[in-house]
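# Remarks on the overall topology
Each chain is listed here by its residues.
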Amino acid sequence: MKKWLLVSISLLLMFAAVGCSKSESVNSDGKKTITMWVHISDENEEGKVYKKRVEAFNKNYAPDNIKAKIEFIPRSGNGGGYEDKVNAALTTSTLPDVITLDGPNTAAYAKSGVIAPLDEYVKDQEDLLPSIKQQGTYKDKLYAIGVSESSVGIYYNKRMLQEAGVDLNTLPTVDNPWTWDQFLALCKTLKDKYDKPAIDMQLQSKDEMLTYALTPFVWSADGDIISKDGKKAEGVFNKKPTVEALTFIQTMLKEGYTTRTPVKQAFETEKYPMKFSGVWTVTDMKTNYQKVDYGVIPYPVSPKTKKLVSPSGSWQFAMTQTSENKEWAAKLVDWMTNKDSNVELSRTIAALPVRYSSEKVMAKEFSDQMNVFLKQLKETGHARPVTPAYPQVTRAFQQTIDDISFYDQNKDIQKVLDTHAKEMQSAIDKAN
């Protein structure tokens, strides 16, 4: 989840030329085979869950002479591997029945005819969390279902905050979040006490983490990245709410409350009192930093709106348009994302549920930290923009953060937004 490779529009435009696949086959035992590709290793804990659930699918549907076959194609360090094979299959008409894809790429895959709508086959959509339906929907049709959810929050070191005179009982909650001003005051207290950054906001990232983690500040201010219909960035991204959100981020840097050059693992080794990070850090803390006593608080909110918004989204399952047996391909997608699969994955790794039914189960089993993420997601989760131009949109957003912080912290935010809104608009116009 930490790294995302964004599929280029030039490659996606090739998708429309994909012919019929030969994904459906018959085994020697007479059973039809439904093929599925996933982006991780079979040695990965998540991969082990997928394998287990495919075996359960085959056992459950054995009387129907159906067998699912899973192929593990791990992504490389730069995101290649899996995407390379998918792109190659697109040109040779050899796509499987089911594939995994990252959430923000839904629109591009759907628009280009790579994946097919699931609405005709998946009838229990009311059980899906709103953020999951938002992420997997393009032009009012559900094309993909998330296998898990994620979120971002503020990790804090209980000892360090208490030593700085902070009463932990007064910290914000999802029901009563702090404003940006209140959070700045906390950061000042911590910086004055320890003479170092109060928090690592991971602003040094040069990947999807910047978009994923920082767009909620724009949404909290009642701003947006692109219009709801996906057609406009100019007059949307460069409006006053975005200026206000990025001014908050810029202030964090100017005051030294955060940094673009943090000490490696500064929070985990108790050098910084706070860290802005995703739900996956819970697993890291449990595995490698068990002695650190920490908690999690939600996003701070715009002082004008007081609206809490958090990020959502992860990898999904979808059936390909070229599958020769869509009914069974859709059943496999549904199976891999149903309550049992979701609970199994949540119990194995730090993954948030995608369904209300599985959320009820996991809320009783999760740690206090995980339940903060779960409540924040359930009540305030917001998917990233759904647009075929997403790769260009997210790159422009990331460059915006660089421009207002890394290169020149005094750079005029409005001018930066005007420049990158034009870049987004150009990409949107071409994609649409």
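Look up: the structure comes first, before these words.
Described below are features of the structure shown in this document. All values reported here derive from a predicted model rather than from experimental measurement. (Residues numbered from 1 in each chain as written. Predicted model: local features only at pLDDT ≥ 70, side-chain atom pairs only at ≥ 80, totals over all residues. Heavy atoms only, no water.)

### Brief notes about the nonpolar core
Of all hydrophobic cores here, the largest spans 116 residues; its most connected members are Leu 214, Phe 217, Met 274 and Phe 276. Viewed by domain, this core spans two of them, domain 1 (28-150 + 313-382) and domain 2 (152-309 + 389-431), each represented by three or more residues. The residues contacting Met 274, other than those within four sequence positions of it, are Ile 154, Tyr 155, Tyr 156, Leu 161, Phe 183, Leu 186, Cys 187, Leu 190, Ala 198, Ile 199, Asp 200 and Phe 267. Membership of the second largest hydrophobic core comes to 19 residues, among which are Val 86, Tyr 109, Ala 110 and Tyr 143. (Core = buried A, V, L, I, M, F, W, Y, C linked by side-chain atoms within 4.5 Å. Buried < 20%, exposed > 50% of the residue type's maximum accessible area, 1.4 Å probe, protein only. Domains from an automatic or database assignment. Contact = heavy atoms within 4.5 Å.)

### A short note on the environment of Pro 300
Of note, Pro 300 is situated in the loop between strand E11 (294-297) and strand E12 (310-311). For Pro 300, a relative accessible area of 5% puts it in the buried group. Remark: the alpha-carbon pair of Pro 300 and Asn 238, spanning 62 residues in sequence, is separated by 22 Å. Here Pro 300 is in contact with Ile 154, Trp 178, Thr 179, Trp 180, Phe 183, Phe 217 and Phe 248, once residues within four sequence places are set aside. (Helix = DSSP H or I, 4+ residues; strand = E, 2+ residues; numbered from the N terminus.)

### Comments concerning the packing of aromatic side chains
Any aromatic ring pair is given by two values, namely how distant the centres are and how the planes are angled relative to each other. Summed over the entire model, instances satisfying the criterion amount to 17 aromatic pairs. Taking the centre distance of 6.1 Å and the plane angle of 75° together, the rings of Tyr 82 and Trp 315 count as edge-to-face. Remark: Trp 315 occurs in strand E13 (residues 315-319) and Tyr 82 occurs in helix H3 (residues 82-92); sequence separation between them is 233 residues. Judged by relative accessible area, which is 6%, Trp 315 ranks as buried. Geometrically, the ring pair formed by Phe 276 and Tyr 299 is edge-to-face, given 5.1 Å between the ring centres and 75° between the ring planes. Here Phe 276 is found in strand E10 (residues 274-278), whereas its partner Tyr 299 is found in the loop between E11 and E12, with 23 residues between them in sequence. Side by side, Phe 276 and Tyr 299 carry an identical accessibility label, which is buried. Put simply, the rings of Trp 180, Phe 217, Phe 248, Phe 276 and Tyr 299 pair up and form one aromatic cluster. A cation sits over an aromatic face here: Lys 85 above Trp 37, 5.0 Å from the ring centre. We note Lys 331 situated over the ring of Trp 328; from NZ or CZ to the ring centre the distance is 4.2 Å. (Phe/Tyr/Trp six-rings, centres within 6.5 Å; stacked < 30°, edge-to-face > 60°. Lys NZ or Arg CZ within 6 Å of the ring centre and 35° of its normal.)

### Looking at unusual backbone geometry
Its identity is not glycine, yet Gln 265 carries a phi of approximately 55°, on the positive side. Within the element layout of this structure, Gln 265 appears in the loop between helix H9 (240-254) and E10. Even without being a glycine, Glu 270 presents a positive backbone phi close to 60°. With respect to the secondary-structure elements, Glu 270 resides in the loop between H9 and E10. A residue is classified by how much of its surface remains accessible, and Glu 270, at 30% relative accessible area, is partly exposed.

### Comments concerning the pairing of E13
Burial of E13 is extensive: five of the five residues sit out of reach of the surface. On E13, burial covers both faces: Trp 315, Phe 317 and Met 319 on one face and Gln 316 and Ala 318 on the other are all buried. Examined bridge by bridge, strand E7 (residues 145-146) and E13 share two bridges and lie antiparallel to one another. In the strand pairing of E13, Ile 145 is matched with Phe 317. (Pairing = 2+ DSSP bridges.)

### Some points on the pattern of salt bridges
Scanning the entire structure with this criterion turns up 23 salt bridges. The shortest N-O distance in the salt bridge between Arg 355 and Asp 124 comes to 3.2 Å. Here Arg 355, found in the loop between helix H12 (339-348) and helix H13 (356-362), pairs with Asp 124, found in the loop between helix H4 (106-111) and helix H5 (130-136); they are 231 residues apart in sequence, far enough to count as distant. Looking at Arg 355, the relative accessible area reads 1%, which means it is buried. (Salt bridge = Lys/Arg side-chain N within 4 Å of Asp/Glu carboxyl O.)

### Observations concerning the pairing of strand E2 (residues 32-38)
Taking burial as the measure, the seven residues of E2 include six buried ones, the bulk of the element. One ladder, built from seven bridges, connects E2 with strand E3 (residues 66-72); its direction is parallel. Residue pairing in the sheet places Val 38 in a bridge with Phe 72 of E3. For the segment spanning E2, helix H2 (residues 45-60) and E3, crossover handedness is right-handed. (Right-handed = clockwise from strand over helix to strand, strands pointing away.)

### A look at the packing of H2 against H12
As a packed pair, H2 and H12 sit with axes 10 Å apart at the nearest point and diverge in direction by 155°. By the angle class used here, H2 and H12 are roughly antiparallel. As for the relative orientation of H2 and H12, their crossing is right-handed in sense. Facing Glu 45, Glu 46, Val 49, Lys 52 and Arg 53 of H2, the residues of H12 in contact are Asp 340, Ser 341, Glu 344, Leu 345 and Thr 348. Residue composition of the contact of H2 with H12, grouped by class: two nonpolar, two polar and six charged. (Axes fitted to C-alpha atoms, helices over the stretch in contact; angles between N-to-C directions. Parallel < 35°, antiparallel > 145°, perpendicular 65-115°, else oblique. Left-handed = near helix turned anticlockwise from the far one by under 90°. Nonpolar A, V, L, I, M, F, W, Y, C, P; charged D, E, K, R; others polar.)

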